Amino acid sequence: MEETITAFTGAGAVAGRGDRGVRAPEAAARYAEECHWDVCPGTWLEMNGGAWHCSCGDPGCAAPGAHPARADWAAEATGSATVARRMWRERPEASVLLPTGRSFDVIEVPETAGFLALARMERREPAPGPVVSAPDRRMRFLVLPGAAAKVPDLVRGLGWAPATLDLAVLGAGGYVAAPPTRWGAWGSVRWVCRPTAANRWLPDAAELIAPLAYACARER
C-alpha cells in the first residue's frame, strides 16, 4: 500500500488535486535533494482484521501511519537523498516526516481558515510558500525558521490574544507529515501549494500572519 505524489518541479502552485506519481521513497529523496529539507521515515499502516491500523500498535492512535516511529527520530533525520533512499528501501511504506525548526517552521490553522487565508493572499501580497493539508482537517504553512518565537507577539500586535485563535506554530522538535503519507483510513496528506522553483524562498511569518490570524478569527 504505497501512496504516490506528483513531481514538484513544475511552475506555480497546484491546489485541490490528488498527489500521484512518485512513491514515498523517491518523494523523500526529492525533498532532501531538491528542497534541501531533512526527512525522516515515520510509522506506517498495517492491515489487521480488514482495517488499517498504525504500526505503533496503539488502537487509539490520533495520527495512524503519520507520526514518528521511534524516540530518536529527530537524530535519525537526514538531508541526504542517498541516505533517504536507503532508509525507505528498508520500509518503503513508512510515512514521510519533515522536522520543523531546521529549514522551516510551520504555522498550523484549521483547513477552512487556511483556504480563506489563501483566497486573501491570491488577491494581494504576500504569496504563500508551500502549504500542506492533512486528513485531520488542518493546514500547515511553511515559513522561515524562527516563527515559533515571534508569532505570539505578531498576533498580539494585530489585536488578538494568541490563546483565542486556533493557530499553532511548530518549531524545533516538531514535525510535519508530507505527501504521500497515508493518514489512517481518512486519506493522504497532500500539497495545497506544492514546492516549486517559484516558491522555493519561504516567506517570513510576519508576511503571512495577518491573513492567517484574520481567517482564524472569522472561524471562532
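This section reports on the structure supplied with the text. (Residues numbered from 1 in each chain as written. Predicted model: local features only at pLDDT ≥ 70, side-chain atom pairs only at ≥ 80, totals over all residues. Heavy atoms only, no water.)

What to know about the overall build of the chain
Put simply, the rule reads: A run of H or I in DSSP becomes a helix once it reaches four residues, and a run of E becomes a strand once it reaches two; helices and strands are each numbered from the N terminus. When a residue's accessible area, from a 1.4 Å probe over protein chains only, is under 20% of the maximum for its type it is buried; when over 50% it is exposed; and in between it is partly exposed. In what follows, a contact means two residues having at least one pair of non-hydrogen atoms within 4.5 Å. Only the protein chains shown count as cover for residues, and all accessible areas are computed by the Shrake-Rupley method using a 1.4 Å probe.
From N to C terminus, the chain includes six helices and 14 strands. Within the chain, the fraction of its 220 residues that count as buried is 48%. Here the analysis covers contacts within the chain between residues at least 6 apart in sequence; of these, 77% occur between residues at least 24 apart. Per element, the accessible surface of the chain, about 10,100 Å² overall, is 50% carbon and sulfur.

Topic: the packing of helix H4 (residues 111–123) against helix H6 (residues 205–218)
When two helices pack together, you describe them by how their axes are tilted relative to each other and by the distance separating the axes. The condition is simple: Angles here are taken between N-to-C directions and fall from 0 to 180 degrees, while the axes themselves are lines fitted to C-alpha atoms, restricted in helices to the stretch in contact. Orientation labels follow simple angle bins: below 35 degrees gives roughly parallel, above 145 gives roughly antiparallel, 65 to 115 gives roughly perpendicular, and whatever is left gives oblique. Throughout, a crossing is termed right-handed when the near helix is turned clockwise from the far one, and left-handed when it is turned anticlockwise from it by less than a right angle. Here the term charged refers only to Asp, Glu, Lys and Arg, the term nonpolar to Ala, Val, Leu, Ile, Met, Phe, Trp, Tyr, Cys and Pro, and the term polar to all other amino acids, Gly among them.
Their axes nearest at 8 Å, the elements H4 and H6 cross at an angle of 135°. When the interaxial angle is binned, H4 and H6 end up oblique. Taken as a pair, H4 and H6 cross one another with a handedness that is right-handed. Counting all contacts with H4, which are made through Ala-113, Leu-116, Ala-117, Arg-120 and Met-121, the residues of H6 involved are Leu-208, Pro-211, Leu-212, Tyr-214, Ala-215, Cys-216 and Arg-218. The residue inventory of the contact of H4 with H6, partitioned by class, reads 10 nonpolar, no polar and two charged.

Overview of the environment of Pro-41
Among the secondary structure elements, Pro-41 is positioned in strand E3 (residues 40–41). In sequence terms Pro-41 and Ala-77 are 36 residues apart; their C-alpha atoms lie 7.9 Å from each other. What Pro-41 contacts, discounting residues up to four positions off in sequence, is Glu-76, Met-87, Trp-88, Ala-94 and Ser-95.

Some details on the nonpolar core
What counts, and what does not: Buried Ala, Val, Leu, Ile, Met, Phe, Trp, Tyr and Cys residues form a nonpolar core when they are joined through side-chain atoms within 4.5 Å.
In terms of nonpolar packing, the biggest core is built from 30 residues, with Tyr-31, Trp-37, Trp-88, Val-96, Leu-98 and Phe-104 touching the most fellow members. Counting only elements with at least two residues in this core, the list comes to helix H1 (24–34), helix H3 (81–90), strand E6 (96–99), strand E8 (131–134) and strand E11 (175–178). The residues touching Phe-104, leaving out its near neighbours within four places in the chain, are Trp-37, Leu-98, Pro-99, Leu-142, Val-143, Leu-144, Pro-145, Val-176 and Leu-202. Residues Val-109, Ala-113, Val-143 and Ala-213 belong to the second largest nonpolar core, which totals 25 residues.

Comments concerning the pattern of salt bridges
This is how it is decided: Within this document, salt bridges are pairs made up of a side-chain nitrogen of Lys or Arg and a carboxyl oxygen of Asp or Glu, the two lying within 4 Å of each other.
In the structure shown here, the tally under the stated rule is 13 salt bridges. With its nearest N and O atoms 2.8 Å apart, the salt bridge here joins Arg-138 to Asp-166. Here Arg-138, found in strand E9 (residues 138–143), pairs with Asp-166, found in the loop between helix H5 (147–157) and strand E10 (168–170); they are 28 residues apart in sequence, far enough to count as distant. Relative accessible area serves as the criterion here: at 14%, Arg-138 is assigned to the buried category. Among the salt bridges present, the one from Asp-204 reaches Lys-150, with a minimum N-O distance of 3.0 Å. Of this pair, Asp-204 sits in the loop between strand E14 (190–193) and H6 while Lys-150 is found in helix H5, placing the two residues 54 residues apart along the sequence. Linked through salt bridges whose partners overlap, the residues forming this network are Glu-108, Asp-136, Arg-138, Arg-140 and Asp-166.

Some points on the packing of aromatic side chains
In plain terms, the rule: Side-chain rings of Phe, Tyr and Trp, where Trp is taken by its six-membered ring, are said to pair if the distance between their centres is within 6.5 Å; with planes under 30 degrees apart they count as stacked, over 60 as edge-to-face, and otherwise as tilted.
The full count for this structure, using the stated rule, is five aromatic pairs. Aromatic pair Trp-37 and Phe-104: ring centres 5.3 Å apart, planes at 70°, arrangement edge-to-face. You can see Trp-37 sitting in the loop between H1 and E3 and its partner Phe-104 sitting in the loop between E6 and strand E7 (105–110), a full 67 residues away along the chain. Here Trp-37 matches Phe-104 in class, with each residue buried. Among the aromatic residues, those joined into a ring-pair cluster are Tyr-31, Trp-37, Phe-104 and Trp-191.

Observations regarding the sheet that holds E8
For clarity, the cut-off: Each pair of strands is called paired provided DSSP finds at least two bridges between the two strands.
One open sheet accounts for five strands, arranged E10-E7-E9-E8-E14; its pairing is antiparallel. Each edge of the open sheet is held by one strand with a lone partner, namely E10 and E14. Each neighbouring strand pair of the sheet contributes to a mean axis angle of 30°, computed without reference to strand direction. Inspection of the sheet shows E7 paired to E9 by six bridges, in the antiparallel sense. In the strand pairing of E9, Ile-107 is matched with Phe-141.

With respect to unusual backbone geometry
A negative phi angle is the norm for most residues apart from glycine, just as the trans form is the norm for most peptide bonds. Put simply, Pro-179 and Pro-180 share a cis peptide bond, and its omega is 10°. Phi is positive for Arg-137, which is not a glycine, with a value near 65°. Among the residues examined, Arg-137 registers a relative accessible area of 53% and is labelled exposed.

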